[in-house]
Amino acid sequence: MTTTSLIARIVHEAQGGTRHILRSDLTDRHRRLVLRGLDHDDEWTFALAQGHRFWRLEHISTRHGIASVPRTLGKRLSARLNNLYDQPRVR
């Protein structure tokens, strides 16, 4: 399975409520969203820099360490992440 298809599956499950949104932050320079991966211990960190339109996969944290896999996402996945980020959440 490619990285893009893994991201699409994780985002789809997060939109359906079956995958947990672990954190969402807003700083002065970017938005950050952390989603639980397919393996329960994995955390996928996405960021959207201020002034940019497309989200970026920053890194994947696993129980074995951190894999830095910077990758800019396409228009559709970025739109889905925008929707996830803007969803009201119970904290």
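Residues numbered from 1 in each chain as written. Predicted model: local features only at pLDDT ≥ 70, side-chain atom pairs only at ≥ 80, totals over all residues. Heavy atoms only, no water.

1. Concerning the pairing of strand β5 (residues 65-72)
Across 6 bridges, the pairing between strand β4 (residues 56-62) and β5 is antiparallel. Its bridge partner being in β5, Arg56 is matched across the sheet by Thr72. The hairpin turn running from β4 into β5, its antiparallel successor, is 2 residues long. (Pairing = 2+ DSSP bridges. Helix = DSSP H or I, 4+ residues; strand = E, 2+ residues; numbered from the N terminus.)

2. Description of the sheet that holds strand β1 (residues 21-26)
Ordered by their spatial adjacency, 5 strands build an open sheet running β1-β2-β3-β4-β5, and the pairing between neighbours is antiparallel. Every other strand in the sheet has two partners, leaving β1 and β5 as the edge strands with one partner each. Put simply, the sheet's adjacent strands are angled 15 degrees from each other on average, direction ignored. Two elements, β1 and strand β2 (residues 30-36), share 5 bridges in a ladder whose sense is antiparallel. Across the sheet, Leu26 pairs through a bridge with Arg31, a residue of β2. Against the sheet, helix α1 (residues 3-15) contacts β2, β3 (43-49), β4 and β5, and its axis sits at roughly 90 degrees relative to β3. Of the strands in this sheet, β1, β2 and β3 touch helix α2 (residues 75-86), which is tilted by about 90 degrees from β2. (Axes fitted to C-alpha atoms, helices over the stretch in contact; angles between N-to-C directions. Contact = heavy atoms within 4.5 Å.)

3. Side note on the pattern of salt bridges
Going through the model one piece at a time under the given rule, you end up with 6 salt bridges. Between Asp41 and Arg63 there is a salt bridge, and its shortest N-O distance comes to 3.0 Å. Here the residue Asp41 occupies a position in the loop between β2 and β3, and Arg63 occupies one in the loop between β4 and β5, the gap between them amounting to 22 residues. Ionic pairing is found between Arg56 and Glu58, a salt bridge with its closest N-O pair at 4.0 Å. Bridged by salt links that share partners, the residues Asp39, Asp41 and Arg63 form one connected network. (Salt bridge = Lys/Arg side-chain N within 4 Å of Asp/Glu carboxyl O.)

4. Topic: the packing of aromatic side chains
The tally for this structure, following the rule as stated, stands at 1 aromatic pair. On the basis of an interplanar angle of 50 degrees and a centroid distance of 6.0 Å, the ring pair of Trp55 and Tyr85 is categorised as tilted. Residue Trp55 is located in the loop between β3 and β4, and its partner Tyr85 is located in helix α2; the two are separated by 30 residues in the primary sequence. Judged by relative accessible area, Trp55 falls into the buried class, the value being 0%. The buried category is assigned to Tyr85, whose relative accessible area is 13%. (Phe/Tyr/Trp six-rings, centres within 6.5 Å; stacked < 30°, edge-to-face > 60°. Buried < 20%, exposed > 50% of the residue type's maximum accessible area, 1.4 Å probe, protein only.)

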